[in-house]
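# Notes for the structure review
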Amino acid sequence: MQNAANLPAAAIAARFERYDVAIVGGGLAGLYAIHRLRKQGLRVRAFEAGSGVGGTWFWNRYPGARCDVESLQYSYSFSDELQQEWSWPERYPTQPEILKYIEHVAERFDLVRDVQLDTRVLSAEFDNATAMWTLKTDRGHVVTAPYCIMATGNLSTPRLPDIPGVQSFQGDWYHSGLWPHEGVDFTGRRVGVIGTGSSGIQMIPIIAQQAAHLFVFQRTANFSMPAHNGPMDAQQEREFKSNYPKLREAARNSPAGIVDYPPPEKSAMEVSAEERERTYEERWRHGTIVGMLSAYKDLLVNKDANDTAAEFIRKKIRGIVRDPKVAELLCPTDHPLASKRPCLDSHYFETYNRDNVTLVDVRSDPIAAITPRGVRTGKAEYALATLVFATGFDAMTGAMHEIDIRAKDGPTLAERWAQGPQTYLGIMVAGLPNLFMVTGPGSPSVYAQMIMGIEYHIDWIADCLGHARSHGHTRIEAELDAEQAWGEHVQQVAAGTLIPRANSWYVGANIPGKPRVFMLYVGGFDRYKRRCDRVAADGYVGLRMTG
Ligand code: NA7
């Protein structure tokens with residue numbers, strides 16, 4: 001073992017570091033946390049496993065990767081100069097464009113100097129006696145800070161399926177969330193894609209254009225709508241930019257954190273079938289997920305209402321896909337619309353009209369094994385040169401569970417959450433003082449515009465730290481009662497909707513052994529924000545500040 005006394009001074013300085021706030025993650029959340037907390041005079045440092053900033057948008061480089069929220073809205077709002085200066089080339093931004101934007105922000109606000117790249121945080125331990133967190137990294141850093149922020153993302157732990165033989169495959173294989181920086185050339189190859197969530201649906205049309213043959217292994221058909229993407233409309237950009245502050249404020253006070261149609265007033269059940277058809281058609285042409293889901297006020301709470309929109313989309317699929325059997329397989333029938341993340345696509349269903357694309361229904365004929373040559377189902381073997389796993393992530397809790405997070409001599413976060421995550425407002429956890437999460441479980445998180453949620457949480461956390469410091473407190477901890485009450489509220493709100501009904505990653509169903517607990521607050525970002533604002537205004541009710 002190396003003795004610190006034998007190390008040169010520079011090495012000691014590099015290994016033992018002390019900050020006011022240690023941040024885990026250098027994505028959209030980590031970067032904004034640096035900016036915001038620095039303005040408060042705090043010494044901060046972020047630790048990022050990737051070799052660059054950007055988080056999700058650093059790792060997910062698969063062909064067709066794109067955000068399904070419009071560029072003008074999926075961006076930071078904290079600097080008006082930034083939002084005025086930046087030009088998005090398309091209505092919906094591609095991964096390279098978003099990464100370019102994030103890198104620009106990191107440079108423009110001089111954030112990079114406080115990000116330690118290529119460094120994975122392995123553990124975080126809180127010492128009750130000193131009220132300090134100590135973080136250890138895979139590069140030997142021992143970092144102490146009174147406060148720690150987990151800006152670890154919600155979909156950042158890629159997951160390979162538990163199919164026997166995955167490692168035996170002799171061709172090339174890739175996961176959508178760990179895509180090689182140099183890209184992948186599928187030209188002339190027999191390719192298999194497993195998974196038809198957002199990632200699969202975005203990459204399939206592009207891979208199909210290159211591959212000799214593409215086999216899509218589908219277990220669950222998904223609802224998807226055309227994005228109608230295209231070059232940025234100059235007029236719309238001008239209008240948006242001249243109204244940015246007002247529009248951002250409206251977004252913060254909307255259920256999804258997105259400005260689109262005005263809130264629905266009618267029930268789908270109170271209008272005629274013709275009127276419904278007209279409305280859905282208009283929303284389909286408009287091309288936003290939130291537009292379709294907010295066509296009527298009861299789409300997410302009443303199964304009959306939901307069925308009308310679901311059937312509209314199924315009819316569209318049948319109209320696009322020429323082979324009726326394939327069309328039927330592509331029609332989602334086993335879950336309500338929006339109980340799994342609906343997708344936005346560019347020519348997804350049309351892709352199945354190509355001669356070089358085969359849809360393999362692995363619901364009726366499950367994948368038995370990955371073999372050295374390809375994929376074997378119960379009935380056939382598909383020889384493949386390249387296999388792509390678009391099989392998703394250990395969502396919401398995965399990244400935090402990979403870190404040994406605990407208060408000294410106490411249980412780890414993973415042990416605390418053995419029955420599912422418990423949080424206060426999706427921001428703090430009882431028993432883990434001075435630890436904050438950004439868009440954590442129990443907050444709207446992925447059910448609202450992510451950057452808006454990130455900015456809101458970090459502003460809230462910064463204000464909370466400011467409040468504690470100005471009152472001379474060094475310790476902030478969620479009260480157990482408040483945490484339990486919030487957890488019950490989250491479940492109650494979800495139970496009043498159709499959203500928890502599917503086997504989705506919202507309930508952890510994609511990870512064998514993960515407790516089935518609904519992990520999002522789906523009462524609307526606006527309602528959530530009002531609640532958190534009130535908690536702060538009332539002196540941080542539910543938090544105990546001491547020390
Ligand atoms: P998702 O949405 O979790 O999709 C994963 C897909 O992979 C989904 O279709 C799964 O089917 C499928 N899958 C997973 N395991 C298997 C096995 N063993 N066999 C067959 N098919 C399997 O992940 P994405 O990356 O597409 O999207 C994640 C989020 O990123 C997205 O919602 C956006 O917010 C951005 P299943 O549905 O479980 O039957």
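Residues numbered from 1 in each chain as written. Predicted model: local features only at pLDDT ≥ 70, side-chain atom pairs only at ≥ 80, totals over all residues. Heavy atoms only, no water.

## Some words on the domain arrangement of the protein chain
When its domains are assigned, the protein chain resolves into domain 1 (10-53 + 111-157 + 395-546) and domain 2 (166-389). Summarising the inter-unit geometry, the C-alpha centres of domain 1 and domain 2 are found 30 Å apart. Facing 20 residues of domain 1, the contacting portion of domain 2 comprises 22 residues. Contact with domain 2 buries surface across domain 1, with M452, L498 and D526 losing the most and accounting together for 32% of the total. Taken together, the links from domain 1 to domain 2 amount to 0 salt bridges. Counting across the interface, domain 1 meets domain 2 through 7 residue pairs in polar contact (both at pLDDT 80 or more). With 3 residues, helix α17 (residues 525-537) is the single largest residue contributor to the side of domain 1 that touches domain 2. (Domains from an automatic or database assignment. Contact = heavy atoms within 4.5 Å. Buried area = accessible area lost by both parts, 1.4 Å probe. Salt bridge = Lys/Arg side-chain N within 4 Å of Asp/Glu carboxyl O. Polar contact = N/O pair within 3.5 Å; in protein donor to acceptor, adjacent residues only side chain to side chain. Helix = DSSP H or I, 4+ residues; strand = E, 2+ residues; numbered from the N terminus.)

## Structural notes on the site of the ligand
Around the ligand there are 19 residues in total, and T196, S199, R219, T220 and K340 lie nearest to it. Separating an oxygen atom of the ligand from a side-chain N or O atom of R219 is a distance of 2.8 Å. When the free accessible area of the ligand is taken as 770 Å², the share hidden by the protein chains comes to 86%. (Near = heavy atom within 4 Å. Areas by Shrake-Rupley, 256 points an atom, 1.4 Å probe, with all protein chains shown as cover.)

## What about α17?
The first and last C-alpha atoms of α17 sit 18 Å apart over 13 residues, in line with the 18 Å expected at 1.5 Å per residue. Elements in contact with the buried residues of α17: α8 (244-252), α15 (450-470) and α16 (480-495). Of the residues one or two after α17, G539 is the one with positive phi, at around 85 degrees. (Expected span 1.5 Å × (residues − 1).)

## Considering α8
By the burial criterion, the buried members of α8 are Y244, L247, R248 and A251. Mapping the buried residues of α8 onto a view down its axis gives an arc of 100 degrees, with all of them on the same face. Looking at α8, the residues exposed on the side facing more than 90 degrees away from the buried face are P245 and K246. In this structure, the buried side of α8 is in contact with α4 (80-85), α7 (234-242) and α15. (Buried < 20%, exposed > 50% of the residue type's maximum accessible area, 1.4 Å probe, protein only. Arc of directions from axis to C-beta.)

## Notes on the environment of R516
Mapped onto the secondary structure, R516 falls in the loop between α16 and α17. Owing to a relative accessible area of 49%, R516 belongs among the partly exposed residues under this scheme. With 276 residues separating them along the chain, R516 and F240 place their C-alpha atoms 41 Å apart. For R516, the side chain forms a polar contact with the side chain of N503, separated by 2.6 Å.

## Looking at the packing of aromatic side chains
Under the criterion given, the structure shown has 31 aromatic pairs. An aromatic cluster is built from Y32, Y76, F78, W86, W88, Y101 and F109, whose rings are joined through pairwise contacts. For the cation-ring pair, R283 lies above Y261, with the distance from its terminal atom to the ring centre recorded as 3.5 Å. (Phe/Tyr/Trp six-rings, centres within 6.5 Å; stacked < 30°, edge-to-face > 60°. Lys NZ or Arg CZ within 6 Å of the ring centre and 35° of its normal.)

## A short note on the environment of L387
Tracing the sequence through the fold places L387 in strand β18 (residues 386-389). In this structure the C-alpha to C-alpha distance between L387 and R36, which are 351 residues apart in sequence, comes to 42 Å. Sequence-distant contacts of L387, defined by excluding residues within four places in its chain, comprise F169, D172, W173, Y174, G192, I194, I370 and V375.

## What about the side chain of S339?
Considering the arrangement of structural elements, one finds S339 in the loop between α12 (324-330) and β13 (343-345). A polar contact is formed between the side chain of S339 and the backbone oxygen of P336, at a distance of 2.7 Å. Those residues in contact with S339 that sit more than four places away from it in its chain are L498, I499, A502, S504 and Y506.

## Re the confidence of the model for the protein chain
Counting all residues, the mean pLDDT for the protein chain is 96, and 97% of those residues have values of 70 or more. Counting interchain partners and residues more than four positions distant, the pLDDT-below-50 stretch residues 1-13 has 5 contacts. (pLDDT = per-residue confidence, 0-100.)

## So, the nonpolar core
Within the largest apolar cluster, 139 residues are counted, with the highest numbers of intra-cluster contacts made by Y352, F436, W460, I476 and L543. Per element, the largest residue contribution to this core is 12 residues, and it comes from α15. For this core, the domains that each give at least three residues are domain 1 (10-53 + 111-157 + 395-546) and domain 2 (166-389). Each residue touching F436, except ones within four places of it in the same chain, is listed here: Y147, C148, I149, M150, I427, M428, I461, C464, L465 and I476. Counting 24 residues, the second largest nonpolar core, distinct from the first, contains A22, F47, C148 and L432. (Core = buried A, V, L, I, M, F, W, Y, C linked by side-chain atoms within 4.5 Å.)

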